[in-house]
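# Structural description and commentary
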Amino acid sequence: MKLIYLHGFNSSNKGSTARELSRLFPELIAVTYDYCNPNKAFEQINSLITNELKDEKEIVLIGSSLGGFWANHFAQLFNLKCLLINPSLIPSRSLTKYIGSNTNYSTNQIKTLTIENCNSYSKYETNINENTFRTVIISMNDTIVNYYETIELLEGSKFIFHPLEGHQFKDYQFLEKEINTLINTIAI
């Protein structure tokens, strides 16, 4: 089984969550993609998953925030299982507050998000497939993603609520436990 982690907006495979998940799960592939350009992001992630599926049939996508959007999108596209952490499911709307220059949290690289980039996300915002096997972790103190909207959009998914965490999820023991639960569910 292969684990693929997709980071959120303004992060990378060198971010704190990617680093910690890679430490906990050495087999995990932490992906970097162009989060400002959804067309490039789609190509990068699609290429990676397509290549991984040549050798490994059981892949679990893990995504946080914008990475949760992409994890859900590709789980539906390839019929994979996914674990979404505070997913931002409508980036064409939620990312508009970041239009302009943004400094990456983990690399300090400055990237520019344009209104055109935000609008381009809409073509990837497909209808939610209720048959996709997904677990959704929701932080009750998330001030970035409206978790009521997430619950409504992902009706029928398995939801796990964390009462203390904010948008950037830092309870890595909790994540480790939930990822292992998901892996063990799949292995049965």
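This structure is a prediction, so every number in the text was calculated from the model and none was measured. (Residues numbered from 1 in each chain as written. Predicted model: local features only at pLDDT ≥ 70, side-chain atom pairs only at ≥ 80, totals over all residues. Heavy atoms only, no water.)

## Remarks on the overall build of the protein chain
To keep things clear, this is the line we draw: Labels follow the DSSP assignment, with helices taken as runs of H or I lasting at least four residues and strands as runs of E lasting at least two, numbered in each case from the N terminus. Only C-alpha atoms enter the radius of gyration, while the globule expectation follows 2.2 Å times N to the 0.38, with N the number of residues. Relative accessible area decides the class of each residue, using a 1.4 Å probe on protein chains only: under 20% of the type maximum gives buried, over 50% gives exposed, and in between gives partly exposed. Residues are treated as being in contact if the distance between any of their heavy atoms lies within 4.5 Å.
Each helix and strand in the protein chain was counted, giving seven helices and eight strands. Against the compact-globule benchmark of 16 Å for 188 residues, the protein chain has a radius of gyration of 15 Å, which places it among compact chains. For the protein chain, the C-alpha atoms occupy an extent of roughly 45 × 40 × 30 Å along the three principal directions. Burial status across the protein chain gives 50% buried among its 188 residues. Considering only contacts in the protein chain between residues 6 or more positions apart, those separated by 24 or more positions represent 65%.

## Here's the deal with unusual backbone geometry
Positive phi is not limited to glycine here, since Asn10 has a value of about 70°. Topologically, Asn10 is positioned in the loop between β1 (2–6) and α1 (16–24). Of note in the backbone geometry, Asn79 takes a positive phi value of approximately 55° without being a glycine. Under the relative-accessibility criterion, Asn79 is labelled exposed at 64%.

## Let's talk about the pairing of strand β5 (residues 100–103)
The condition that has to hold: Pairing between strands is defined by DSSP: at least two bridges between the two strands are required.
Pairing analysis gives four bridges linking β5 to strand β6 (residues 110–113), with the strands arranged antiparallel. Looking at β6, one finds that Thr103 is bridged to Ile110. Connecting β5 to the antiparallel partner β6 that follows it, the hairpin turn spans six residues, and Asn108 within it adopts a positive phi of roughly 65°.

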